[in-house]
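Residues per chain are reported as follows:
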Amino acid sequence: MATKPLLNLPLLVLARICTTAIFMTYPACLNLLLSEWQMSAAQGGLIQGVFTICFALSLLATSFLCDHYGARKVFVLSCAAVAISALAFALFADSFWSAMWLLALIGLAQGGTYTPSIMLVSVHSPDGKKSSAIGWAISGMSAGYIISIFLSTIMLDFYGYQAAFIATASFSVLGWILGVAAMRNTPALPMAVLQKEQLFTAKKQRRSRLLTLGYIGHSWELMGMWAWMPAFLAATVVLSDDFTAIELGLWTALALHLSGAIASLSSGYAAEHYGIRPVLIFFAALGLICSLSVGWLYTADGISTGVSLVMLFAAVAVYGFSSVGDSAVMSSAMAQAVPAQHLGKALGLRSILGMGAGALAPISFGVVLDVAAVDIAWGLSFVSLGMGGLIALVCAFCLAR
C-alpha cells in the first residue's frame, strides 16, 4: 500500500505562486506612483529597498526559527502573515511613508514562505532530484510575479492603483489556504534528518563561502533589475502606439518572469546532468552581459534607433532568464555543501547578506537615474547592477570542479 507523501509539492508550488502575487505589485505601479505620490526616483527606489531589507531580515529570522520550531510551522504562519499584511497594504497605502512601512510588513512576512519551502523540499526530495524539486519551488515565485504584474496592470488601467493592490492581495489569502493544505501530512520537525550529525569539512566550508558571496552578487543584480524593469519598459515604449497599458503589462510579465520560471526549472535539471559549476558560470555570464547592455536600448525619444519592440522584449526575456536561472542551483548547491544540522543557519546568513545587497541595489539604481544625463541614465543604472553579476561569475569560476 502506497504511503502518502510527506510534502505535497504541487500544492506547495501553488501556495508560493499565490503568496508572491503581491511581490511585484509596487514595481508594476511605480511609474504612476512616482507622480501620484509626488516621489523622486530615489524615494521610489527607497520604498522597494526597505521592502527588500525587511525581506532579508525575515529570511534570517525564519532560518533560525526553522531549526528550532520546524519549517512546516514557520511556513504556515508566514503564509498567514503575508495575507494579513498584503490586505493592510492594499487598504491603507496612499503615500510615500505609508507605503514604505506597510510594504516593509509584507517583506517581513515573505521570508517565511521562502526559506522554509527550500528546506522542506530539500529534506523531502531524493538526493538526485533536489535541484529540480527546488527549481519547481522557485519557479512558483516567478509565476506569482507574472500574476502580480499582469493583474496589477489591468487593475491600474481600469480602476487605479488601489484596485491593483487589492486584487493581488486577494491571491495571498488563497496562498495561505493552499499552504495549509500542502503541509497537511508534513511532520512539524524533520528530526531524523536534522539530528544526524554530518562533518563540515574545509572543502565544504570554502564551497559554502563562495556560494554565499556569489548569492550576494546575484541578489544585487536580480533585485535591482526586478524593481526597475517595469518602469524602464514603460518609459521606453511610452511613445509607441503598438501597446496598450494592459498589453504592456502582459508582455512585461511574460518577458521578465515567465522566462524566470522556465530558467528555474531548466537550470535544476541541467545541474543534475551537467554539474553545478558550469550551469552557474553560464547564467552568471549571461546575466552580466544583459546588465551591461539592456539599458542602452533607451533614448530620450524612446526606444533606440534600429531596435524593434520585439528585440527589446526578447532582450528583457533573456535578462529575466539569466538573472533567475542560478537561484535554484545555488540553493541546491548550498543544501549539498552544508550539513543538515547547519543548513538553517547557512541559509539565514546567505539571505541577510544577499538580500541586504539586494536592498541597496534599487536605491543605487534610482540615485544614478536621478543624477545622470537623460540619454545615458538608464544605461548607467543597469551597468551598476552588472557589478553583482561580475561577483557571481567570479565565484562560480572559483568553485571546485
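Residues numbered from 1 in each chain as written. Predicted model: local features only at pLDDT ≥ 70, side-chain atom pairs only at ≥ 80, totals over all residues. Heavy atoms only, no water.

When its secondary structure is counted, the protein chain shows 14 helices and two strands. Expressed as a percentage of the 401 residues in the protein chain, the buried residues total 59%. Here the contacts in the protein chain between residues at least 6 apart in sequence split such that 86% fall between residues at least 24 apart. Here the protein chain displays about 15700 Å² of accessible surface, and carbon together with sulfur accounts for 70% of that area. (Helix = DSSP H or I, 4+ residues; strand = E, 2+ residues; numbered from the N terminus. Buried < 20%, exposed > 50% of the residue type's maximum accessible area, 1.4 Å probe, protein only. Contact = heavy atoms within 4.5 Å. Areas by Shrake-Rupley, 256 points an atom, 1.4 Å probe, with all protein chains shown as cover.)

Here we take up unusual backbone geometry. Phi at glutamine 38 takes a positive value of approximately 50 degrees, unusual for a residue other than glycine. Secondary-structure assignment places glutamine 38 in the loop between helix H2 (25-36) and helix H3 (41-69).

This model, assessed by the stated rule, comprises four cavities of 30 Å³ or more. A volume near 150 Å³ is recorded for the largest cavity. Contributing to the lining of the largest cavity are 16 residues, with Tyr114, Met141, Leu222, Trp226 and Ser327 lying nearest its centre. For the lining of the largest cavity, the element with the most residues is helix H9 (residues 202-236), which contributes six residues. Its residues placed into classes, the lining of the largest cavity shows twelve nonpolar, four polar and no charged. (1 Å grid on protein atoms, 1.4 Å probe; cavity = no way out; pocket = protein on both sides within 12 Å on 5 of 7 lines; lining within 4 Å. Points joined across faces, edges and corners; volume = space filled by probe spheres on them. Nonpolar A, V, L, I, M, F, W, Y, C, P; charged D, E, K, R; others polar.)

Our focus in this paragraph is a nonpolar patch on the surface. A cluster of nonpolar side chains, contributed by Ile53, Leu57, Leu105 and Leu108, occupies part of the molecular surface with about 330 Å² of accessible area. Every element with two or more residues in the nonpolar patch is listed here: H3 and helix H5 (96-123). Locating leucine 57 in the fold gives a position in helix H3. Take leucine 57: its relative accessible area is 43%, and that puts it in the partly exposed class. (Patch = residues over 30% accessible without salt bridge, like charges linked within 9 Å, V, L, I, M, F, W, Y side chains within 5 Å. Salt bridge = Lys/Arg side-chain N within 4 Å of Asp/Glu carboxyl O.)

In this section: the packing of H3 against H5. At a minimum axis separation of 6 Å, H3 and H5 run at an interaxial angle of 35 degrees. The interaxial crossing formed by H3 with H5 has right-handed handedness. For the contact of H3 with H5, the class distribution of residues is 18 nonpolar, ten polar and one charged. (Axes fitted to C-alpha atoms, helices over the stretch in contact; angles between N-to-C directions. Left-handed = near helix turned anticlockwise from the far one by under 90°.)

Under the criterion given, the structure shown has 20 aromatic pairs. Between the aromatic rings of phenylalanine 23 and tyrosine 145, the centroid separation amounts to 5.1 Å while the plane-to-plane angle is 50 degrees, which identifies the pairing as tilted. A residue pair is termed long-range when its members are at least 10 positions apart, and phenylalanine 23 in the loop between helix H1 (9-19) and H2 and tyrosine 145 in helix H6 (residues 130-158) qualify at 122 residues. Connected via pairs of aromatic rings, a cluster forms that spans Trp228, Phe232, Tyr319, Phe365, Trp378 and Phe382. Residue placement shows arginine 350 over the ring face of tyrosine 215; its charged tip is 4.0 Å from the ring centre. (Phe/Tyr/Trp six-rings, centres within 6.5 Å; stacked < 30°, edge-to-face > 60°. Lys NZ or Arg CZ within 6 Å of the ring centre and 35° of its normal.)

In this structure, serine 58 sits in helix H3. Taking the relative accessible area as the measure of exposure, serine 58 reaches 4% and is therefore buried. One polar contact links the side chain of serine 58 to the main-chain carbonyl oxygen of glycine 107, over a distance of 3.1 Å. Ignoring sequence-local partners within four residues, the contact set of serine 58 consists of Gly107, Leu108, Gln110, Gly111 and Gly112. (Polar contact = N/O pair within 3.5 Å; in protein donor to acceptor, adjacent residues only side chain to side chain.)

Another aspect to go through is the environment of phenylalanine 382. Structurally, the position occupied by phenylalanine 382 is in helix H14 (residues 374-398). The exposure class assigned to phenylalanine 382 is buried, which follows from its relative accessible area of 0%. Counting along the chain gives 89 residues from phenylalanine 382 to serine 293, while the straight-line C-alpha distance between them is 7.9 Å. The contact partners of phenylalanine 382, leaving out residues within four places of it in the chain, are Met225, Met229, Phe232, Ser291, Val294, Gly295, Tyr319 and Phe365.

The share of residues in the protein chain with pLDDT of 70 or more is 88%, and the mean pLDDT across the chain is 82. Low pLDDT, under 50, characterises residues 190-196; the predicted model gives this stretch seven contacts beyond four residues in sequence or across chains. (pLDDT = per-residue confidence, 0-100.)

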